[in-house]
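# Summary of the model geometry
The primary structure of each chain is shown beneath.
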Amino acid sequence: MTIGWNTELFPEGIDSYDDLLDPKLGGGTIGSVEATLTAVYADWYSFVEENHNPDFVEELAKQNPTFYPSAAVMVEALTAGEIAVGAFTTAADMTRLKNEGAPVDFYLPDPAWLVQNIFYIVESAGHPNAAQVFMNFFGSPKGQAAIAQFGVSPLSEVSDETLGGETPVVLVNIGNMLDPEWVADYQARWAEAFGR
């Protein structure tokens, strides 16, 4: 995940999550997601607090951000100029739009938060050998260079070919997401901070 901005509305750009707390970005200028919608969003906010700013939730709440149901919708709003900055944008979307000439740019935080892809071959697969060939390709340097170009790869030999390069990443905390008590407690704290 990246922090994106509309270069026409906010030409100075963003260099950290703390930049989102600049008072001139208050009053709905920032787009974000609601931690109460999914455990994944709660985990992202938790990641920012643990790795970038322990007061992020409370400080961002003071900015009165505009909320979107997903990164995809937020990126559309950012590109259209509905908001100046998106706190939760995807590297793939931002790279594509920037390359197409849209007035956007983005910052890859260090460390970055990453939703890991999980692949498996089901026992009932109609063509398990073909599936295994695909899995072998997916895990190879050539496959990783293709699939991870807008992210990161665990294979050091292709890291230079990916957007994330050597950027340290923190994966979604599956333990927290599968813990109903953690999710409920975090979402309640988030909702209190944002008054939602």
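The structure contained in this document is the topic of the report that follows. (Residues numbered from 1 in each chain as written. Predicted model: local features only at pLDDT ≥ 70, side-chain atom pairs only at ≥ 80, totals over all residues. Heavy atoms only, no water.)

With that settled, consider the nonpolar core. Membership of the largest hydrophobic core comes to 48 residues, with the highest contact counts inside it found for Leu20, Trp44, Tyr45, Phe56, Val85, Phe88 and Trp190. When residues of this core are traced back to their parent elements, those giving at least two are strand S1 (2–6), helix H1 (39–51), helix H2 (56–62), helix H3 (71–80), strand S4 (85–89), helix H4 (91–99), strand S5 (104–107) and helix H8 (180–194). Considering each element in turn, this core owes the most residues, seven residues, to H1. Non-local contacts of Phe88, meaning those with residues more than four positions away in its chain, are made with Met1, Thr2, Gly31, Val33, Tyr41, Trp44, Ala71, Met74 and Trp113. (Core = buried A, V, L, I, M, F, W, Y, C linked by side-chain atoms within 4.5 Å. Buried < 20%, exposed > 50% of the residue type's maximum accessible area, 1.4 Å probe, protein only. Helix = DSSP H or I, 4+ residues; strand = E, 2+ residues; numbered from the N terminus. Contact = heavy atoms within 4.5 Å.)

With that settled, the discussion passes to the side chain of Thr95. Along the chain, Thr95 falls in helix H4. A polar contact of 2.8 Å, which involves the side chain of Thr95, links it to the backbone oxygen of Ala91. (Polar contact = N/O pair within 3.5 Å; in protein donor to acceptor, adjacent residues only side chain to side chain.)

Moving on, we come to unusual backbone geometry. Each neighbour pair has its own omega, and for Asp110 with Pro111 the value is 5°, a cis peptide bond. Along the chain, the position of Pro111 falls in the loop between S5 and strand S6 (112–114). Although it is not a glycine, Asn64 sits at a positive phi angle of roughly 55°. As for its placement among the helices and strands, Asn64 is situated in the loop between H2 and strand S3 (66–67). Given a relative accessible area of 51%, Asn64 falls into the exposed group.

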